[in-house]
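Per-entry structural report
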Amino acid sequence: MIRHAGKEDLPQILEIYASARTFMKEHGNPTQWKDGYPGQELLLSDMEKEQLYVHETDTGIHGVFVFFVGEDPNYKIIEQGAWKSTEAYGVIHRIASDGKERGIFHQSIEFAKKRCNHLRIDTHADNTVMQKLIVSHGFEPCGIVYVQDHSPRLAFEYLNE
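These numbers were taken from a predicted model, which means no experiment stands behind them.

Here we take up helix α1 (residues 10–26). Its 17 residues give α1 an end-to-end C-alpha distance of 24 Å, which sits within 8% of 24 Å, the value for a rise of 1.5 Å per residue. Within α1, burial applies to Leu10, Ile13, Ile16, Tyr17, Ala20, Arg21 and Met24. Take α1 and look down its axis: the buried residues cluster within an arc of 140°, on one side only. Exposed residues pointing more than 90 degrees away from the buried face of α1 are listed as Glu15, Lys25 and Glu26. Where α1 is buried, its residues contact α2 (40–48), β2 (52–57), β3 (60–69) and β4 (90–97).

Bringing the side chain of His137 into the picture now. By the element assignment, His137 lies in the loop between α4 (128–136) and β6 (140–146). Not counting the four nearest positions on each side in its chain, His137 is found in contact with Phe105, His106, Ile109, Lys113 and Tyr158.

Scanning the model with the defined rule gives 9 aromatic pairs in all. An angle of 55° between the planes, with centres 6.4 Å apart, marks the rings of Trp33 and Tyr37 as tilted. By relative accessible area, Trp33 is classed as buried at 10%. A residue is classified by how much of its surface remains accessible, and Tyr37, at 33% relative accessible area, is partly exposed.

As a further point, take the pairing of strand β5 (residues 118–123). Of all 6 residues making up β5, 6 are buried, and the element is well covered by its neighbours. Neither face of β5 is left uncovered, since the one carrying His118, Arg120 and Asp122 and the one carrying Leu119, Ile121 and Thr123 both have all their residues buried. When β4 meets β5, the two strands line up parallel, connected through 2 bridges. Within the sheet, the bridge partner assigned to Gly90 lies in β5 and is Leu119.

If you look at the biggest cluster of nonpolar residues, it comprises 25 residues, and the most contacted ones within it are Ile13, Tyr17, Leu52, Val64, Trp83 and Ala96. Broken down by secondary-structure element, the contributors of at least two residues to this core are α1, α2, β2, β3, β4 and β6. With 6 residues, the top contributor of residues to this core is α1. Among residues more than four places away in sequence, those in contact with Leu52 are Arg3, His4, Ala5, Ile13, Tyr17, Leu43, Asp46, Met47, Val64, Phe65 and Val66. Listed in part, the 18 residues of the second largest apolar core include Ile95, Ile121, Ile134 and Phe156.

Turning our eyes to something else, we now look at the environment of Thr22. Looking at where Thr22 falls in the secondary structure, it is placed in helix α1. Residue Thr22 is classed as partly exposed on the basis of its relative accessible area of 41%. A sequence separation of 11 residues divides Thr22 from Trp33, and the C-alpha atoms of the two residues are 9.8 Å apart.

Conventions used here
- Residues numbered from 1 in each chain as written.
- Predicted model: local features only at pLDDT ≥ 70, side-chain atom pairs only at ≥ 80, totals over all residues.
- Heavy atoms only, no water.
- Helix = DSSP H or I, 4+ residues; strand = E, 2+ residues; numbered from the N terminus.
- Expected span 1.5 Å × (residues − 1).
- Buried < 20%, exposed > 50% of the residue type's maximum accessible area, 1.4 Å probe, protein only.
- Arc of directions from axis to C-beta.
- Contact = heavy atoms within 4.5 Å.
- Phe/Tyr/Trp six-rings, centres within 6.5 Å; stacked < 30°, edge-to-face > 60°.
- Pairing = 2+ DSSP bridges.
- Core = buried A, V, L, I, M, F, W, Y, C linked by side-chain atoms within 4.5 Å.

Here it is, written out as structure tokens:
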């Protein structure tokens, strides 16, 4: 089941992101989510905006992601390419899993696709695992965007035309 995250979920969510950071480091991506990112303050803000979701089974919460429909300020400028559409879009960020349940990425993307025909997502150049997942779910590379700390990210877009 995918549902909105609540404050009571925060301890499990923080554990999932810690697990994801470890996985990324072990798979050649040690810098994407550094210094405990995403932190509690950001997660609480996401919860207040009702854009943080969790994957829950009868054994607990095993995945988390951000989804919203609206403009992402990091996507206003794209370099070394272009967005395929300027129409309204949904944004997917910070998908993470504890590694105990399969299909968290797929379920997150399907959840977003049911709510919006136009999606954008980005990831770090070192995150080859995520790049493969993104492309395998119908996203196309579009260029480079920069996140809040001004570091570059590979940008992808999905259009269900």
